[in-house]
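# Observations on the three-dimensional arrangement
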Amino acid sequence: MPIHLPKSLDHPDDDTAAADREAELKPQEIVAELDKYIIGQKAAKKAVAIALRNRYRRRRVAPELADEITPKNILMIGPTGVGKTEISRRLAKLTSSPFLKIEASKFTEVGYVGRDVESIIRDLARIAIEMVREEKIVEIRDKAVLNVEEKLLDLLVPPPRKRESGLPEEEYRQLFETREKFRRQLRDGLLEDRIVEIEVKERSAAPMEIFSNSGMEEIGIQIQEILPGFMGGKTKRRKVKVHEARELLLDEEEKRLVDMDQVSRVAIERVEHSGIVFLDELDKIAGREGGHGPEVSREGVQRDLLPIVEGTTVHTRYGLVKTDHVLFIGAGAFNVAKPADLIPELQGRFPIRVELSSLNKDDFVRILTEPENALLKQYAALLATEGVQVDFTPDAIDEIAQIAEDVNREAEDIGARRLYTIMEKVMEEISFQAPDIKPKKYAIDRTYVQTQLKDILKNQDLRRFIL
C-alpha cells in the first residue's frame, strides 16, 4: 500500500511533528516498502521496522520515562552484497531521517592518524542541516521567485517613482505599463538572452579547518565573517544574461529568506530523535589483542565509539547534539572476527542481532526482475534513450542467475553485486553499438548470454578476474 510522507514539518520545533511523520508507518507497511527494492532478508527488515516504530511509541510515553527508553541498536551479520546497506538506506529515505553510512575502519584511536569518532555526529548534523534547508527552500520558493522577478524588472526597467515625487500622471502610467509589458515578456521567456548588470558576492572561501583533541572540525565562523570584505566578502558587478541572473538572484534570495537559526534548531532535533548511523565494516575493528603496528588501535576505536553509541553530547558548529536516541545499525561479514570479539561493552550496545543469508539462484532471478529498480529495467530504460528495445527471455534470466550463483560459489561471494559484473559483459556489445545498431529491437535469450560469456566461462583465470 502506498505511503504518503509529508514533505516538511508544519511545526518544526514541536516533537509531535516528527511523531506524526513516523505514525504513518506501521511495521508491516515498512516491510512492504522495503520489499519493493530488496529481495528476501525478512528478519533484517522486521528488525529495522520494529526499531523505527519504537521511536514513534517512545514519543507517546510520558516524558520522564521516554528519556529512559533508548533505541535498540541492530547488528547485521552477513556477506557483502546481500542488502545490509540498502535496507538501512531505504529505511532512512522512507522516514526522511538524517542518514549517514560510514566505514568503522576509517577511524582510529585518539592519538593516531585518522578520523575521530565524533566526526560521525558532525557529519550527520551537516546532512540534517542540508535536508531541512532544502525543505525550507521549497516552502519559500514561490515568494523567492516573485522577488527575483521584481529585481529583474528593476534591472530591465527602472521602477516608476512614487506620485509624491511630482512625476506627471501620464508619465507615471507609461512607466507602469512598460514595466508590465516587460513582465509579460519575462514570463514568456522572450528576454532570456538580454544582458543585465547585477551585483553578486564573490565566492566564499572554504571554512578553515583545525586539528584539536577531538579531531578535525570546521571553524563555525568563516574568515569573511570576522573580516568583512576579506577573502570573498566583497561584492562585484557582473554582466550576465537574464537566465543566468535569475539563477544567481534566486540563490541569493533563498539564502535571505531561509532562517538558518531555525534550520539549525530543527536539524539538531531531527538528528537527536530520528538520526540513523550505519556503521559498516564493524568486523574490521573487532579484536581485543594488545598487538602492535596497524592493529594497535582496534580496541581503542571500539572504546572511542562506545560513548557515541551509548549516548553522549557532541559539539558541532550548529550546536550541541545528544546521541542518546540516535539509532546505530552495525554491519559486517564477520568471516574472520566474530561479534564476540568486540569488547563486551560495545556488544551490549547492539542487543538485536540479525543474520542475513547468502543469495542463491532463485534470489538472483527475483533481483533481476521484481524490484522497482530491477537491473533489467535499468538496462532497458538506458537503451530506450537510443531507441533500442531489449527484452530478456526467461531462459536468459535463468542463465544469468545460474552463472552468478556459480561464480559466487567458486570465487569470492559478493552477493548481488556479481549480477552487475555479469550484466555489463552480457550487454557490452549492444551498449557499445546502440546509437547505430540495426535492428532496434532485440530479444536476449540463453544462447545470446552464453555466446557473450563463452570465452570467459571457459577460461578459469579470466572467469576469476573478470566476473
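Residues numbered from 1 in each chain as written. Predicted model: local features only at pLDDT ≥ 70, side-chain atom pairs only at ≥ 80, totals over all residues. Heavy atoms only, no water.

### Regarding the packing of helix α6 (residues 119-156) against helix α7 (residues 169-187)
In helix packing, the relevant descriptors are the interaxial angle and the interaxial distance, both defined with respect to the helix axes. Basically, it comes down to this: In this analysis, axes come from line fits to C-alpha atoms, helices being fitted only over the stretch in contact, and the angle between any two N-to-C directions falls in the range 0 to 180 degrees. Where helices and strands are cited, they refer to DSSP runs of H or I of at least four residues and of E of at least two residues respectively, numbered from the N terminus. Just so you know how the angles are binned, under 35 degrees is roughly parallel, over 145 roughly antiparallel, 65 to 115 roughly perpendicular, and the rest oblique. In this scheme the crossing of two helices becomes right-handed for a clockwise turn of the near helix relative to the far one and left-handed for an anticlockwise turn of less than a right angle. Contact between two residues is taken to exist if any of their heavy atoms lie within 4.5 Å; hydrogens are not considered. Residues are grouped as follows: Ala, Val, Leu, Ile, Met, Phe, Trp, Tyr, Cys and Pro are nonpolar; Asp, Glu, Lys and Arg are charged; every other residue, Gly included, is polar.
Where α6 meets α7, the axes come as close as 10 Å, and the angle between the chain directions of the two elements is 120 degrees. Accordingly, the angle class assigned to the pair α6 and α7 is oblique. Relative to α7, α6 is oriented so that their crossing is right-handed. Between α6 and α7, the contacting residues are Glu-149, Glu-150, Leu-152, Leu-153, Asp-154 and Leu-156 on the first element and Arg-179, Phe-182, Arg-183, Leu-186 and Arg-187 on the second. Across the contact of α6 with α7, the residue classes break down as five nonpolar, no polar and six charged.

### A look at the side chain of His-325
Inclusion rule: Each residue's exposure class comes from its accessible area (1.4 Å probe, protein chains only) as a fraction of the maximum for that residue type: buried when under 20%, exposed when over 50%, partly exposed otherwise. Any pair of N or O atoms that falls within 3.5 Å is considered a polar contact. Within protein, one atom must be able to donate a hydrogen and the other to accept it, and sequence-neighbouring residues count only if both atoms are side-chain atoms.
Among the secondary structure elements, His-325 is positioned in the loop between β9 (319-322) and β10 (327-332). Judged by relative accessible area, His-325 falls into the buried class, the value being 10%. Within the structure, His-325 has its side chain in polar contact with the backbone oxygen of Ile-69 (distance 3.2 Å).

### What about the side chain of Gln-41?
For Gln-41, the position within the fold is in the loop between α2 (27-35) and α3 (42-59). Here Val-82 takes part through its backbone oxygen, which lies 3.3 Å from a polar atom of the side chain of Gln-41. A distance of 3.0 Å separates a polar atom in the side chain of Gln-41 from the backbone oxygen of Ser-357. Contacts of Gln-41, omitting those with residues within four sequence positions, involve Val-82, Ile-87, Leu-356, Ser-357 and Leu-359.

### A look at the packing of helix α15 (residues 394-410) against helix α16 (residues 417-433)
In contact at an axis separation of 9 Å, α15 and α16 are set at 120 degrees when each is read in the N-to-C sense. Between α15 and α16, the angle falls in the class oblique. As α15 runs across α16, the sense of the crossing is right-handed. Along the contact surface, α15 presents Ile-400, Ile-403, Ala-404, Val-407 and Asn-408, while α16 presents Arg-418, Leu-419, Ile-422 and Met-423. Here the contact of α15 with α16 is composed, by residue class, of seven nonpolar, one polar and one charged.

### Regarding the pairing of strand β8 (residues 313-316)
What counts is decided by this rule: At least two bridges found by DSSP between two strands are what make those strands a pair.
In β8, alternate side chains face the same way, and those of Val-314 and Thr-316 are buried while those of Thr-313 and His-315 on the opposite face are not. Two elements, β8 and β9, share four bridges in a ladder whose sense is antiparallel. Following the sheet pairing, His-315 is matched in β9 by Leu-320. Taken together, β8 and the strand that follows it, β9, pair antiparallel across an intervening segment of two residues.

### Section: the pattern of salt bridges
The criterion, for reference: Salt bridge, as used here, is a side-chain nitrogen of Lys or Arg placed within 4 Å of a carboxyl oxygen of Asp or Glu.
Summed over all chains, the structure comprises 40 salt bridges. Its salt-bridge partner being Lys-136, residue Glu-139 comes within 3.8 Å of it at the nearest N-O pair. Here Lys-136 and Glu-139 lie together in helix α6, a separation of three residues that amounts to about one turn. Judged by its relative accessible area of 9%, Lys-136 is buried. Residue Asp-283 pairs with Lys-284 through a salt bridge whose shortest N-O separation is 3.7 Å. Overall, Asp-283 belongs to the buried group, its relative accessible area being 12%.

### Looking at helix α13 (residues 361-369)
Heads up, the rule is: Taking the helix axis as origin, the arc is that swept by the directions to the C-beta atoms.
Regarding α13, the residues found buried are Lys-361, Asp-363, Phe-364, Ile-367 and Leu-368. The buried side chains of α13 occupy one side of the element, clustering within an arc of 155 degrees when seen end-on. Buried residues belonging to α13 abut α14 (375-384), α15 and α16. At the N-terminal end of α13, a side-chain oxygen is found 3.2 Å from the backbone nitrogen of Asp-362, two or three residues along, and the residue is Asn-360.

### Focus: the sheet that holds strand β1 (residues 74-77)
Spatially, the five strands line up as an open sheet ordered β2-β7-β10-β1-β11, and their pairing is parallel. Each end of this open sheet is capped by a strand with a single partner; those strands are β2 (99-103) and β11 (352-355). When the angles between neighbouring strand axes are averaged without regard to direction, this sheet yields 20 degrees. The sheet contact formed by β2 and strand β7 (residues 276-280) spans five bridges and is parallel. Bridging across to β7, Glu-103 finds its partner in Asp-280.

### Some remarks on the packing of aromatic side chains
What counts, and what does not: Stacked, edge-to-face and tilted are the three classes for Phe, Tyr and Trp ring pairs, Trp counted by its six-membered ring, which pair at centre distances within 6.5 Å; planes under 30 degrees apart are stacked, over 60 edge-to-face, the rest tilted. By the criterion adopted, a ring carries a charge over it if an Arg CZ or a Lys NZ lies within 6 Å of its centre and within 35 degrees of its normal.
As enumerated under the stated definition, the model contains zero aromatic pairs in all. Residue placement shows Arg-90 over the ring face of Tyr-37; its charged tip is 3.8 Å from the ring centre.

### A closer look at the confidence of the model for the chain
So the rule is basically this: Confidence per residue, as judged by the predictor, is encoded in pLDDT with a range of 0 to 100.
When pLDDT is averaged along the chain, the result is 81; 80% of the residues meet or exceed 70. Confidence drops under a pLDDT of 50 for residues 1-19, and excluding neighbours within four residues, the segment shows 39 contacts in the predicted structure. Throughout residues 219-225 the model reports pLDDT below 50, and contacts reaching past four residues in sequence, or to other chains, amount to 19 contacts.

### A closer look at unusual backbone geometry
The phi dihedral of Glu-281 is positive, around 55 degrees, even though this residue is not glycine. On the secondary structure map, Glu-281 appears in the loop between β7 and α11 (298-310). Given a relative accessible area of 25%, Glu-281 falls into the partly exposed group. Look at Phe-334: it is not a glycine, yet its phi comes out positive at around 50 degrees. Considering the arrangement of structural elements, one finds Phe-334 in the loop between β10 and α12 (344-348).

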